[in-house]
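So the chains spell out like this:
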Amino acid sequence: MKAKRHYIITWSLLLLVCLTSLLFGAGTLEIKQAFAVLTGQGSAEARFVVMELRLPRLAIGTITGLALGVAGALLQTLTRNPLAEPGLLGVSAGSAFAVSLAILFGASTATLTTLVSQAGALAGCALVIAATRIQGVGQDPVRLVLAGATLTALLLSLTSLLMLIDQRAADEIRFWITGSIAGKSWDQLTATLPTMLLAGAIVIGAVKPLASLALGERVAIGLGHRPGLIRLMVIIAVALLVGGATALAGPLVFVGLVVPFVARALGGADIRKTLWLCLPIGPAIIIAADTLSRLLVVPSEMPLGVITALIGAPVLMLIIRARRIPTL
Amino acid sequence: MNQTVTMANTQTSATPLSAKHLVMAHGSHTVIPQLDVALPAGQVTAIVGPNGCGKSTLLNGLARIHKPRQGTIVLNGADIHKQPAREVARKLALLPQDNSAPEGLTVTDLIRFGRHPHQSWLSQWSDEDQHAVESALRAADVGDLADRPLDTLSGGQRQRAWVAMSIAQETPLLLLDEPTSALDLGHQIEVFELIRALAHQGKTIAMVVHDLASACRYADHIVAMLGGEIISEGPPSDVITTNLIEQLYGVTCDLMQDPTSGSPMLFNIRRARC
């Protein structure tokens with residue numbers, strides 16, 4: 001009963017946010033005209049703005065939000081750490097570094113960027129998992145985040161180094177790395193879809209065993225699951241999702257933290273409920289942030305990455321304070 | 001004398017789970033140098049011994065949590081590590097020590113996990129699953145707590161919920177690692193009586209037990225371990241002697257028979273003088 005209400009509220013919220021994102025923008029287009037397009041009328045100009053500028057952003061925002069929210073929830077369950085967020089742990093930074101490297105070498109096709117980005121995310125995941133194996137880091141949520149912040153800083157400075165090499169590439173990297181879903185085309189979206197669907201299939205297959213892993217590794221084995229295989233599948237899914245999202249929108253931090261946090265606050269800690277709730281909440285947060293990015297500093301735009309960081313940083317503080325982390 | 005009698009017993013009755021020439025090690029440290037054991041069918045076996053004697057390691061080996069360095073664990077006549085994981089989980093349930101569950105998980109949620117080995121990829125919740133969960137709730141007497149989150153329960157209630165998960169797994173074999181370790185006396189009795197009731201229904205059960213008195217009271221078969229080896233094995237009344245207790249724990253005590261159950265009772269326990 002209560003669960004049903006959560007789904008109704010979150011999905012209606014997403015619908016509302018989507019509508020707002022189509023109706024409001026930084027341009028001169030009036031709301032009335034934008035609304036006319038939605039009812040099948042409107043001028044050619046209004047049609048272009050809504051269908052060719054705002055709709056792709058909406059679609060990309062949806063995919064990015066889905067991917068980052070689900071990836072965050074998976075990584076947090078896997079590491080049993082509520083702070084394990086792809087952006088904070090260096091997974092996004094790994095993929096950003098890989099993409100920057102690709103841009104430097106002149107890679108321009110969206111498909112290639114996506115795959116490079118996912119490979120970078122996989123390397124980032126591997127480093128995170130290695131970090132959790134270090135004595136003391138795996139057990140302490142905050143230490144893992146510190147290790148991730150170090151990795152992120154290292155990868156970002158290497159990325160900056162790349163920007164010194166070539167001015168043309170530097171401009172492209174700089175625009176992309178602040179995080180934005182403006183000015184992206186349908187091509188870029190469709191380039192990520194196959195791997196995103198693959199990740200979705202993996203998640204569907206791995207979710208039940210992953211839920212049992214939350215009861216402890218030995219319990220999971222007792223129930224006939226293979227923890228090593230589950231971890232591998234989940235890490236691949238996280239890399240595909242984060243890599244795909246980063247290729248689309250740049251390295252967005254905090255989204256993978258905030259979305260599962262809200263989902264858990266509503267639906268409890270069970271990974272299956274969390275994932276179901278991430279589906280509407282992830283896109284809603286990205287699309288709302290993107291709409292804000294268009295409206296806050298009219299007529300120019302604020303980068304999406306800045307907005308998500310502004311929303312996310314206080315949530316991180318909230319989680320750390322609420323958990324009363326004992327020693328430092 | 002006792003030894004030969006038990007050997008004969010285990011050979012005649014079919015044993016569902018046994019270890020043959022088992023060698024277990026953590027890294028370079030050998031915990032169990034060489035060991036053979038067979039669980040008597042339909043009985044409760046208690047594995048006892050001092051800290052670090054390898055009893056949990058043996059249980060983890062039997063439950064295929066850790067692979068043996070050498071030797072085999074035989075489940076229904078075949079090597080356990082050569083059978084598909086899910087099929088093993090339909091024959092053998094394990095309740096490890098110190099379990100934790102995500103906050104907010106309810107008793108029913110937990111018990112439903114027990115049905116995993118019976119479900120295939122993406123399969124829906126069947127009537128059979130529902131029936132198994134309901135009868136597990138009844139068997140472990142947690143029906144009134146079905147919708148309560150685990151973190152709101154007492155230790156004994158929580159442990160009964162975990163046992164209920166194993167019951168829902170509907171396996172003929174159940175292994176438990178110190179099922180009563182963190183419980184007070186009343187809650188210990190709750191859990192032990194539940195285990196006895198399960199054995200009465202025909203399950204073969206093995207448990208690691210810290211408290212020797214409880215092992216004597218609730219087990220049909222005792223496996224006493226010291227330094228990674230089994231030093232004595234058999235029914236409590238045969239195995240438990242003042243000598244064995246001194247050997248295991250370095251204490252001397254007197255023994256008498258429990259007038260109601262006939263199991264050995266320890267009293268006047270004190271440190272052995274060397």
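Residues numbered from 1 in each chain as written. Chains lettered and ligands numbered in written order. Predicted model: local features only at pLDDT ≥ 70, side-chain atom pairs only at ≥ 80, totals over all residues. Heavy atoms only, no water.

Undergrad: So what's going on with empty space enclosed by the protein? Which residues, and what values?
TA: Residue and element names in this part refer to chain A. Inspection of the entire model under this criterion finds one cavity of 30 Å³ or more. Taken as a whole, the largest cavity encloses approximately 50 Å³ of empty space. Together, V253, F254, V255, V258, I285, T308, I311 and G312 line the largest cavity. Listed by contribution, the elements that provide at least two residues to the lining of the largest cavity are helix 12 (255-267) and helix 14 (304-322). No other element matches the three residues that helix 14 contributes to the lining of the largest cavity. Its residues assigned to classes, the lining of the largest cavity shows six nonpolar, two polar and no charged. (1 Å grid on protein atoms, 1.4 Å probe; cavity = no way out; pocket = protein on both sides within 12 Å on 5 of 7 lines; lining within 4 Å. Points joined across faces, edges and corners; volume = space filled by probe spheres on them. Helix = DSSP H or I, 4+ residues; strand = E, 2+ residues; numbered from the N terminus. Nonpolar A, V, L, I, M, F, W, Y, C, P; charged D, E, K, R; others polar.)

Undergrad: Which residues make up the environment of A239 of chain A, and what values do they have?
TA: Residues and elements named next belong to chain A. Locating A239 in the fold gives a position in helix 11 (residues 227-249). Here A239 falls in the buried class, since its relative accessible area comes to 3%. Taking the C-alpha atoms as reference points, A239 and A119, 120 residues apart in sequence, are found 7.4 Å from one another. Those residues within four positions of A239 in sequence are excluded, and the remaining contacts are Q118, A121, L122, C125 and G244. (Buried < 20%, exposed > 50% of the residue type's maximum accessible area, 1.4 Å probe, protein only. Contact = heavy atoms within 4.5 Å.)

Undergrad: Outline the packing of aromatic side chains, listing residues and values.
TA: Enumeration over the complete set of coordinates arrives at one aromatic pair over all chains. One Lys or Arg, R217 of chain B, reaches over the ring of Y218 of chain B and ends 5.3 Å from the middle of that ring. (Phe/Tyr/Trp six-rings, centres within 6.5 Å; stacked < 30°, edge-to-face > 60°. Lys NZ or Arg CZ within 6 Å of the ring centre and 35° of its normal.)

Undergrad: Describe the interface of chain B and chain A, listing the residues and the values that go with them.
TA: With 29 residues of chain B in contact, the opposing surface of chain A contributes 20 residues. Counting the surface lost from both chain B and chain A, the interface buries some 1,900 Å², and carbon and sulfur atoms represent 62% of this. Of all residues in chain B, the largest losses of buried area upon contact with chain A belong to I65, F113 and H116 of chain B, amounting jointly to 28% of the total for that side. Here R218 of chain A ties to D177 of chain B by a salt bridge, and the two come within 3.8 Å at their closest N and O atoms. The interface formed by chain B and chain A holds six residue pairs in polar contact (both at pLDDT 80 or more) in total. Of all the elements in the fold, those that place two or more residues in the side of chain B that touches chain A are helix 3 (85-91), strand 6 (92-95), helix 4 (107-113) and helix 6 (155-168) of chain B. A breakdown of the residues in the side of chain B that touches chain A according to their chemical character gives 16 nonpolar, nine polar and four charged. (Buried area = accessible area lost by both parts, 1.4 Å probe. Salt bridge = Lys/Arg side-chain N within 4 Å of Asp/Glu carboxyl O. Polar contact = N/O pair within 3.5 Å; in protein donor to acceptor, adjacent residues only side chain to side chain.)

Undergrad: Break down the pattern of salt bridges for me, with residues and values.
TA: Residues and elements named next belong to chain A. Enumeration over the complete set of coordinates arrives at 13 salt bridges over all chains. R57 is paired through a salt bridge with D290; the nearest N and O atoms lie 2.7 Å apart. Of this pair, R57 sits in helix 3 (residues 44-79) while D290 sits in helix 13 (residues 271-295), placing them 233 residues apart in sequence. The exposure class assigned to D290 is buried, which follows from its relative accessible area of 2%. Of the charged contacts in the structure, one is a salt bridge between E217 and R231, with a shortest N-O distance of 3.0 Å. Of this pair, E217 sits in helix 10 (residues 217-222) while R231 sits in helix 11; the two residues are 14 residues apart in sequence, bridging distant segments of the chain. Connected through salt bridges with shared partners, the residues R57, D290, R294 and E301 form a single ionic network.

Remember, this is a structural readout, not a statement about activity or role.
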